[in-house]
Amino acid sequence: MIQPGVKVKQGFLDKYFSGEAIDYRQIISLFIPILIDQAFVVGLNLINTAMISSAGVAAVSAVNMIDSLNIFLISVLIAVATGGTVVVAQYKGSGNLLMVSKATAGAVSSVSLLALFVGLFGILFHGPLLNLLFGAAEPDVMANARTYLIGSSISYLGIAVVEAVCGALRGTGRTRASLVLSLIMNLIYVLLNLVFINLLQMGVLGMTISINAARYLGAACALYYLFRMDSSLHIRIRDILTFNLSMLKKIMFIGLPFAAEQMFFNGGKILTQIFIVSLGTYAIATNAICSALAGVMQIPANALALTIITVVGQCMGGENIRDARKFTKSFIVASSLSFAVMGLLILPLFNPLVSLFNPPAEIVDDIFWIVLINTLAQIPLWSLSFIMPSALRAAGDSKFTSIVSMLSMWLFRVVLGYILGIVLHLGILGVWLAMDCEWAVRGGIFLKRFLGKKWYQHRLI
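Residues numbered from 1 in each chain as written. Predicted model: local features only at pLDDT ≥ 70, side-chain atom pairs only at ≥ 80, totals over all residues. Heavy atoms only, no water.

Colleague: How should I be thinking about the overall build of the chain in this particular structure?
Modeller: Counting its secondary structure elements, the chain contains 17 helices and 0 strands. Its C-alpha atoms give the chain a radius of gyration of 22 Å, within 12% of the compact-globule value 23 Å for 461 residues. Projected onto the principal axes, the alpha-carbon positions of the chain cover approximately 60 × 50 × 45 Å. Within the span of the chain, comprising 461 residues, buried residues form 51% of the whole. (Helix = DSSP H or I, 4+ residues; strand = E, 2+ residues; numbered from the N terminus. Rg over C-alpha atoms; globule rule 2.2 N^0.38 Å. Buried < 20%, exposed > 50% of the residue type's maximum accessible area, 1.4 Å probe, protein only.)

Colleague: Is there a simple way to think about the nonpolar core in this case?
Modeller: Counting residues in each nonpolar core, the largest one holds 122 residues, and the members touching the most others are Tyr148, Val165, Phe331, Ile367 and Ile387. Broken down by element, this core gets its largest block of residues, 17 residues, from helix 3 (residues 57-94). Leaving out residues up to four positions away in the same chain, Val165 has contacts with Val108, Leu181, Ala222 and Leu226. (Core = buried A, V, L, I, M, F, W, Y, C linked by side-chain atoms within 4.5 Å. Contact = heavy atoms within 4.5 Å.)

Colleague: Honestly, the environment of Asp436 in this entry has me stumped. Any pointers?
Modeller: By secondary structure assignment, the location of Asp436 is in helix 17 (residues 427-451). Once residues lying within four places of it in the same chain are set aside, the contact partners of Asp436 are Ile373, Asn374, Ala377 and Leu381.

Colleague: How do you make sense of the packing of helix 4 (residues 97-124) against helix 6 (residues 139-172) when you look at a structure like this?
Modeller: Helix packing geometry: the angle between the two helix axes and the distance between the axes. Running from N to C, helix 4 and helix 6 cross one another at 165°; their axes reach a closest spacing of 8 Å. Relative to helix 6, the element helix 4 lies roughly antiparallel. Of the two elements, helix 4 crosses helix 6, and the hand of that crossing is right-handed. Contacts between helix 4 and helix 6 pair Val100, Thr104, Ala107, Val108, Val111, Ser112, Ala115, Leu116, Val118, Gly119, Gly122 and Ile123 from the former with Ile150, Ser153, Ile154, Tyr156, Leu157, Ala160, Val161, Ala164, Val165, Ala168 and Thr172 from the latter. Residues of the contact of helix 4 with helix 6, tallied by class, amount to 17 nonpolar, 6 polar and no charged. (Axes fitted to C-alpha atoms, helices over the stretch in contact; angles between N-to-C directions. Parallel < 35°, antiparallel > 145°, perpendicular 65-115°, else oblique. Left-handed = near helix turned anticlockwise from the far one by under 90°. Nonpolar A, V, L, I, M, F, W, Y, C, P; charged D, E, K, R; others polar.)

Colleague: Explain the packing of aromatic side chains to me, please; I cannot follow it from the model alone.
Modeller: Working definition: an aromatic ring pair is given by the centre-to-centre distance plus the angle between the planes. This model, assessed by the stated rule, comprises 10 aromatic pairs. Seen from their ring centres, Phe368 and Trp369 are 5.7 Å apart, and the 75° between their planes marks the pair as edge-to-face. Classification of Phe368 by relative accessible area gives partly exposed; the value is 29%. Three or more aromatic residues joined by ring pairs form one cluster here, namely Phe339, Trp382, Phe386 and Trp439. In this structure, Arg442 packs its charged tip against the face of Phe386, placed 4.5 Å from the ring centre. The ring of Phe400 carries Arg449 above its face, with NZ or CZ at 3.9 Å from the centroid. (Phe/Tyr/Trp six-rings, centres within 6.5 Å; stacked < 30°, edge-to-face > 60°. Lys NZ or Arg CZ within 6 Å of the ring centre and 35° of its normal.)

Colleague: How should the packing of helix 6 against helix 7 (residues 175-199) be read in this particular structure?
Modeller: With their axes 8 Å apart at the nearest point, helix 6 and helix 7 run at an angle of 160° to one another. Of the possible angle classes, the one that applies to helix 6 and helix 7 is roughly antiparallel. Considering how the two elements wind past one another, helix 6 and helix 7 form a crossing that is right-handed. On the side of helix 6, the interface is formed by Tyr148, Ile159, Val162, Val165, Cys166, Leu169 and Arg170, while helix 7 contributes Thr175, Ala177, Ser178, Leu181, Ser182, Met185 and Tyr189.

Colleague: Before we go on, may I ask you to explain the pattern of salt bridges in this structure?
Modeller: Opposite charge on two side chains permits pairing when their charged atoms draw close. For the coordinates displayed, the defined rule picks out 6 salt bridges. Two residues, Glu438 and Arg413, come together in a salt bridge whose shortest N-O distance is 2.9 Å. Linking Glu438 in helix 17 with Arg413 in helix 16 (residues 398-423), this pair joins segments that are 25 residues apart in sequence. Glu438 gets classed as buried once you look at its relative accessible area, which sits at 0%. Of the charged contacts in the structure, one is a salt bridge between Glu438 and Arg442, with a shortest N-O distance of 3.6 Å. (Salt bridge = Lys/Arg side-chain N within 4 Å of Asp/Glu carboxyl O.)

Colleague: Help me understand the confidence of the model for the chain, please; the structure alone is not making it clear to me.
Modeller: In the predicted model, the chain carries a mean pLDDT of 86, and 93% of its residues have values of at least 70. Mean pLDDT values over the elements of the chain span from 62, in helix 1 (residues 2-17), up to 95, in helix 13 (residues 321-346). Taken together, the stretch residues 1-9 has pLDDT below 50 and engages in 0 contacts with residues farther than four places along the chain or on a different chain. (pLDDT = per-residue confidence, 0-100.)

Colleague: Would you mind going over the environment of Asp239 with me for this structure?
Modeller: Inspection of the secondary structure puts Asp239 in helix 9 (residues 237-241). Using a relative accessible area of 25% as the deciding quantity, one classes Asp239 as partly exposed. Those residues in contact with Asp239 that sit more than four places away from it in its chain are Ala105 and His234.

Colleague: Sorry, what's going on with helix 6 here?
Modeller: Helical geometry: 3.6 residues make up each α-helical turn, so side chains three or four residues apart lie on a common side. For helix 6, built from 34 residues, the straight-helix expectation of 50 Å at 1.5 Å per residue is met to within 8% by its first-to-last C-alpha distance of 48 Å. Taking the largest bend as the criterion, helix 6 deviates by roughly 40°, centred on Ser155. Of all 34 residues in helix 6, 25 are buried, a share of seventy percent or more. One or two positions beyond helix 6, positive phi appears at Gly173, with a value near 95°. (Expected span 1.5 Å × (residues − 1). Bend = angle between axes of the 7 residues up to and from the residue.)

In structure tokens form, the structure reads like this:
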């Protein structure tokens, strides 16, 4: 009785998740480590937030303020690292191992160089940045923010090396090694926070020391893996220090449009947060709790969005467009199903989950309706809006995806969010409805692009 059932299951996976270049076993081995990594990152961020909250309101406010800027800047580094992932994946798919090594070294050197400039900018201009963005903050909050901004800027080079190495490893299919490096960095961060914040009561300064130690230890482990433990890449220190202009152009062809997209996207999110602040303290709390719950629901889908970059990149490297199309469709369906499953798991547990945040009773109903509407909207819309552009970008169609994402973000999430939330007085619900509308518009445009031919006609390698 068991054997026939196993055959049916394998037939299903072979049909939808196997192709000429890669099969479902390889896809699962790529996906599971990324899924675990995403779950750990979300969970550890919640733990870190809880730990710094013990240092007082001024510390929490300062960290939250600077983290919005950190996300803005680090997303640029991750975008360029994603360019490295795509180039590495395409060379891997083409079977050119020598160029896989050169692309990996190029990714590490280009992301590190960018991080060095970004970090120096943050250190040298921390005063004007703080006054421009958070000039109205209380003096104690501003003092903590200054410490955290300078410390974060120093750490950018460390996280850049880790993200570049992990991105390249995902491009080659080594997601287990990528997972281990990410866990090393994040677990060290949590353990050091426990020591410096909770035991030594050093507050924001302690968090700053922790983040630098964790990121640079993570970078050291990542480089040690490349130089000593991975025998197939044959990367040496001088390969990373060598400036390869042609490889840099390939990486930046994907990375720069994505970096610009991330800057506009996160800039739009910051502007949306300004709308929410004007709605009052309850609206801020409602948005924070809904965002936390949405982040948990998106863990499997975000892992799929990262996995498909490697899968489609390798398909395009082998010039197999049919497999790239098939896998994109399969990943979209899998992502939508993951939202349905996560919704069925989280919604019945809504009350105990929300109680963890200790919200005022007046906003619990608002949180429930936003979470319910967003859960239903995510099932058909999120995957088209995020899985699809990851696949297009992996094929080299980076400029189109970035332009669409930037325009849809500002025209719909920002402008429509202001109209629904502020002008029409729908409040925080209006801001979230605008986000769902933006997903629908962006996803529809990407779907039309995917059904055509232009997205796979780019020559990257």
